[in-house]
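Breakdown of the fold
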Amino acid sequence: MNKKTLRLKYKQLREQLREEEIEELSLQIANQLLSLPIWDKTYYHLFLSIVEQKEINTEYVLQILAGKDKEIVVSKSDFNTRKMTHYLLTDATKIRKNEYHIPEPVDGLEVPVSKIDVIFVPLLAFDTNGNRVGYGKGFYDLFLAASKPGTLKVGLSFFEAEPKIEDVFEFDQQLHYCVTPNKIYTFVHENV
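Model, not experiment: these values are computed from the prediction. (Residues numbered from 1 in each chain as written. Predicted model: local features only at pLDDT ≥ 70, side-chain atom pairs only at ≥ 80, totals over all residues. Heavy atoms only, no water.)

A few points about the pairing of strand β9 (residues 152-156)
Regular strands place side chains that alternate from one sheet face to the opposite one. Counted residue by residue, β9 has five buried out of five residues, so it is predominantly covered. What you see with β9 is no split at all: Leu 152, Val 154 and Leu 156 on one side and Lys 153 and Gly 155 on the other are buried throughout. When strand β6 (residues 118-121) meets β9, the two strands line up parallel, connected through four bridges. Bridge pairing in β9 links Phe 120 to Val 154. (Buried < 20%, exposed > 50% of the residue type's maximum accessible area, 1.4 Å probe, protein only. Helix = DSSP H or I, 4+ residues; strand = E, 2+ residues; numbered from the N terminus. Pairing = 2+ DSSP bridges.)

Some thoughts on helix α2 (residues 19-33)
With 15 residues, α2 extends 21 Å between its outermost C-alpha atoms, agreeing within 8% with the 21 Å of an ideal straight helix rising 1.5 Å per residue. Looking at α2, one finds that the buried residues are Ile 22, Ser 26, Ile 29, Ala 30, Gln 32 and Leu 33. Seen end-on, α2 carries its buried residues on one side only, within an arc spanning 155 degrees. (Expected span 1.5 Å × (residues − 1). Arc of directions from axis to C-beta.)

Points about empty space enclosed by the protein
The final tally for this structure, using the stated rule, is one cavity of 30 Å³ or more. Put simply, the largest cavity is a space of about 80 Å³. Lining of the largest cavity is provided by Tyr 10, Arg 14, Phe 47, Glu 55, Ile 56, Pro 122, Leu 123, Leu 124, Leu 156, Ser 157, Phe 158 and Phe 159. Here the lining of the largest cavity is built from residues that sort into nine nonpolar, one polar and two charged. (1 Å grid on protein atoms, 1.4 Å probe; cavity = no way out; pocket = protein on both sides within 12 Å on 5 of 7 lines; lining within 4 Å. Points joined across faces, edges and corners; volume = space filled by probe spheres on them. Nonpolar A, V, L, I, M, F, W, Y, C, P; charged D, E, K, R; others polar.)

Quick word on the sheet that holds β9
Whether parallel or antiparallel, the strands of a sheet pair through hydrogen bonds between backbone atoms. Taken together, the seven strands give an open sheet; going across it, the order is β3-β2-β1-β6-β9-β10-β11, and neighbouring strands pair in mixed fashion. Every other strand in the sheet has two partners, leaving β3 (83-88) and β11 (184-186) as the edge strands with one partner each. Strand-to-strand twist of the sheet, defined as the mean angle between neighbouring strand axes without regard to direction, takes the value 25 degrees. One ladder, built from two bridges, connects strand β1 (residues 43-45) with β6; its direction is parallel. Bridge pairing links Tyr 44 to Val 118 in β6. Taken strand by strand, helix α3 (residues 59-67) contacts β1, β2 (71-78) and β6, and its axis lies near 140 degrees from that of β2. (Axes fitted to C-alpha atoms, helices over the stretch in contact; angles between N-to-C directions. Contact = heavy atoms within 4.5 Å.)

What to know about the nonpolar core
Within soluble globular proteins, side chains that are nonpolar generally end up buried alongside one another. Of all hydrophobic cores here, the largest spans 52 residues; its most connected members are Leu 33, Phe 120, Val 154 and Leu 156. The dominant element in this core, judged by the number of residues it contributes, is α3, at five residues. Apart from the residues within four sequence positions on either side, Phe 120 is in contact with Leu 33, Ile 38, Trp 39, Tyr 44, His 45, Leu 46, Phe 47, Val 61, Leu 65, Tyr 140, Val 154 and Leu 156. (Core = buried A, V, L, I, M, F, W, Y, C linked by side-chain atoms within 4.5 Å.)

Next comes the structure, spelled out in structure tokens:
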């Protein structure tokens, strides 16, 4: 399937999820994450869930990161430039939803992309090769492309992999892992 079809399919599938299911599946994903070999790093970038889009509740991942005493990085999106600015999440960080319902830090201590070791990536769908389909704005492709070599890219998905995304572009950024409630997918790429 192509990205447009996949976007439509997975938005509809998400729309059917009840709140209790989202919580249960999100907790299962967080528990699966514990078995990944990623916990020796320092800076972890986490997206804050868009409740209106029925995204995975990343609060559980946040609790794991805080419990492991990791540096947690969250972003603010600029819809004019399609760039993200990254901030250290602290007790003093004020979070406010933007016009697209994305929870974002108001301001804070900026963290350069070069410091980030692990990026938890939001997505609508992914395939067995580690390609992903997001909302189509390109924010994460630009962010992932700017990350330092060796940065681990971990997708989080309620649903299992599609066999193949047909219209993958050369600038699309592949995942190293994708975690679902029932399975961990590991992708090996030559450029790692």
